[in-house]
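Examining the three-dimensional arrangement
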Amino acid sequence: MKVYADNAATTKMSQTAKEAMMPYLDVIYGNPSSLYSFGQEAKSALEEARAKVAKALNADPKEIYFTSGGSEADNQAIVSAAVMGARKGKKHIISTKFEHHAVLHTLNKLEKQGYEITLLDVHENGVVTAEEVAAAIREDTALVTIMFANNEIGTIQPIAEIGAVCREKGVLFHTDAVQAVAHVPVDVKAMNIDMLSLSGHKFHGPKGVGALYVKKGVALTNLIEGGAQERGKRAGTENVPAIVGMAAALEEAVAHMDENMARITAMREQLIEGLQTIPHSKLNGDRNRRVPGTVNFCFEGIEGESLLLLLDDAGIAASSGSACTSGSLDPSHVLLAIGLPHEVAHGSLRLSVCEYNTPEEMAHIIENVPKVVEYLREMSPMWEDLKKGVKEHVIQ
């Protein structure tokens, strides 16, 4: 059996998205900026897609800007808020220590340009409170940017409460909602969100396309100069097939959200119940306050990279909180941010499932992960020291 359990990284494109895209790859291939009918048909599809994305977020279509994905949307939102703030003498930005690198690296760049960055600590359960955000806001705070749901451990932040604090204090609020949109209810008005980033390939749309919601009145700074596309705020001919596919996938996901959430949550719980029986294992993040499909465990005494390779041999595609697969020897910054020591954070496993998965696949995972963990522990000098009592267990 082959099991794809890395949906937080990317998802299989839905049949609905593929069918929606096909006419714009083959028949209606005009440039949407052109005045003749070929172009205007493409333009019509572009605006219809914009309306679908807006509806899913409870936004106005004129508040939606199409991008190449979540990273570009994060960059443009943060840079725009920084520029707006600087004009008013406000150069302080608040975020958290476990944001996606698209946010953290952008903030690091701004810090080198003279902005002051406050990165809030994250509790062991993977949550930041609205009260902590409120306490960090100053007179010169230009922006609060906090992710809706964490990409590694899946915990959901109190976005509506944080948004209310920011609105009360007159501070712009951006959220990286790449892991949340289409998986849990998102309402930019009810949640007091000023800017929001999303990415199509996280909910069965195509890769290389995303969107940025920007509340009316927030001035965008261009990252890409050129033509007047996206109301002059994002140059470059729009990728109409991908945008149409993303909008179709999002519309479908929102229409079936309740049933998908129930189905996926049941499989998530199946995984948690099965994997927590492994000795000296730990579920990372809040037990319940998480997106439906993401489970992240640490297993003491092993390395995440070896775990992934052996699970792949068993037909299971997963990922690790450890960054060693990307050439770094450092463990996940997310797991360190919630207080895990290096030696434990290295032995992490992220499993992320979607509505295309099955309970039978979860059973296959539950059958194989304990075997692989036991096998790796038998070869581990670290585990030998733990067994002999030379070192004490961190995970009891």
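Quick caveat, the model's predicted, so the values are computed rather than measured. (Residues numbered from 1 in each chain as written. Predicted model: local features only at pLDDT ≥ 70, side-chain atom pairs only at ≥ 80, totals over all residues. Heavy atoms only, no water.)

Another point: the overall build of the chain. Scanning the chain for helices and strands turns up 14 helices and 12 strands. Here the C-alpha radius of gyration of the chain, 22 Å, is about what a compact globule of 396 residues would show, namely 21 Å. Each of the three principal axes of the chain carries a C-alpha extent, and together these read 75 × 50 × 35 Å. Residue burial in the chain is summarised as follows: out of 396 residues, 56% are buried. For the chain, the computed accessible surface area is about 16700 Å², with 52% contributed by carbon and sulfur atoms. Averaged over its 38 positive side-chain charges, the chain has a centre that lies 5 Å from the centre of its 51 negative ones. (Helix = DSSP H or I, 4+ residues; strand = E, 2+ residues; numbered from the N terminus. Rg over C-alpha atoms; globule rule 2.2 N^0.38 Å. Buried < 20%, exposed > 50% of the residue type's maximum accessible area, 1.4 Å probe, protein only. Areas by Shrake-Rupley, 256 points an atom, 1.4 Å probe, with all protein chains shown as cover. Lys, Arg positive; Asp, Glu negative; His and termini not counted. Charge placed at Lys NZ, Arg CZ, Asp CG, Glu CD.)

Tracing the backbone through its elements, the reader meets Glu300 in the loop between β10 (294-299) and α10 (304-313). Arg377 provides the closest opposite charge to the buried, salt-bridge-free Glu300, at an N-O distance of 6.1 Å. In this structure the side chain of Glu300 is engaged in a polar contact, spanning 2.7 Å, whose partner is the backbone nitrogen of Val394. Every residue in contact with Glu300, bar those within four places of it in the chain, is listed here: His280, Val344, Arg377, Trp383, Leu386, Glu392, His393, Val394 and Ile395. (Salt bridge = Lys/Arg side-chain N within 4 Å of Asp/Glu carboxyl O. Polar contact = N/O pair within 3.5 Å; in protein donor to acceptor, adjacent residues only side chain to side chain. Contact = heavy atoms within 4.5 Å.)

Here we take up the pattern of salt bridges. For side chains bearing opposite charge, pairing can occur when the charged atoms are close. Taken as a whole and assessed by the stated rule, the structure comprises 18 salt bridges. Linking Arg350 and Asp6 is a salt bridge whose minimum nitrogen-to-oxygen distance equals 3.0 Å. With Arg350 in strand β12 (residues 348-352) and Asp6 in the loop between β1 (3-4) and α1 (15-26), this residue pair connects regions lying 344 residues apart in the sequence. A single burial state applies to Arg350 and to Asp6, both of which are buried. Residues Arg138 and Asp140 are paired through a salt bridge, measuring 2.9 Å at the closest nitrogen-oxygen approach. Several salt bridges converge on common partners, so that one network encompasses Lys43, Glu47, Arg50 and Glu230.

With burial as the criterion, each face of strand β2 (residues 64-67) is covered, one bearing Ile64 and Phe66 and the other bearing Tyr65 and Thr67. Across four bridges, the pairing between β2 and strand β8 (residues 210-214) is antiparallel. In the sheet register, Tyr65 faces β8, and the bridge partner there is Leu212. (Pairing = 2+ DSSP bridges.)

Spatially, β9-β10-β12 is the arrangement adopted by the three strands of the open sheet, whose pairing is antiparallel. This sheet does not close on itself; its edge strands, each paired only once, are β9 (281-283) and β12. Averaged over all pairs of adjacent strands, the angle between their axes in this sheet comes to 20 degrees, without regard to strand direction. Strand contacts of α10: β10 and β12, with the helix running at about 45 degrees to β12, the strand carrying the most contacts. (Axes fitted to C-alpha atoms, helices over the stretch in contact; angles between N-to-C directions.)

Counting residues in hydrophobic clusters, the biggest one holds 64 residues, and the most contacted among them are Val53, Leu57, Val144, Val181 and Leu196. Examining the composition of this core, we find that seven residues originate from one element, helix α8 (residues 240-255), more than from any other. Setting aside its immediate chain neighbours within four residues, Leu57 contacts Ile64, Val181, Val186, Asp187, Val188, Leu196, Leu198 and Tyr213. Of all hydrophobic cores here, the second largest spans 27 residues; its members include Ile272, Met362, Ile365 and Val372. (Core = buried A, V, L, I, M, F, W, Y, C linked by side-chain atoms within 4.5 Å.)

Before going further, it helps to examine the pairing of β12. When you tally the buried positions in β12, you get five out of five residues, the bulk of the element. Every second residue of β12 is oriented toward a common face, with Ser348, Arg350 and Ser352 on one face and Leu349 and Leu351 on the other, all of them buried. Across five bridges, the pairing between β10 and β12 is antiparallel. Of the residues in β12, the one forming a bridge with Cys298 is Ser348.

What follows concerns the environment of Leu104. With respect to the helices and strands, the residue Leu104 is situated in helix α4 (residues 101-112). Distance from Leu104 to Met362, taken between C-alpha atoms, is 33 Å for residues 258 residues apart in sequence. In this view, Leu104 contacts Thr96, Lys97, Glu99, Leu119 and His333; residues no more than four positions away in its chain are not counted.

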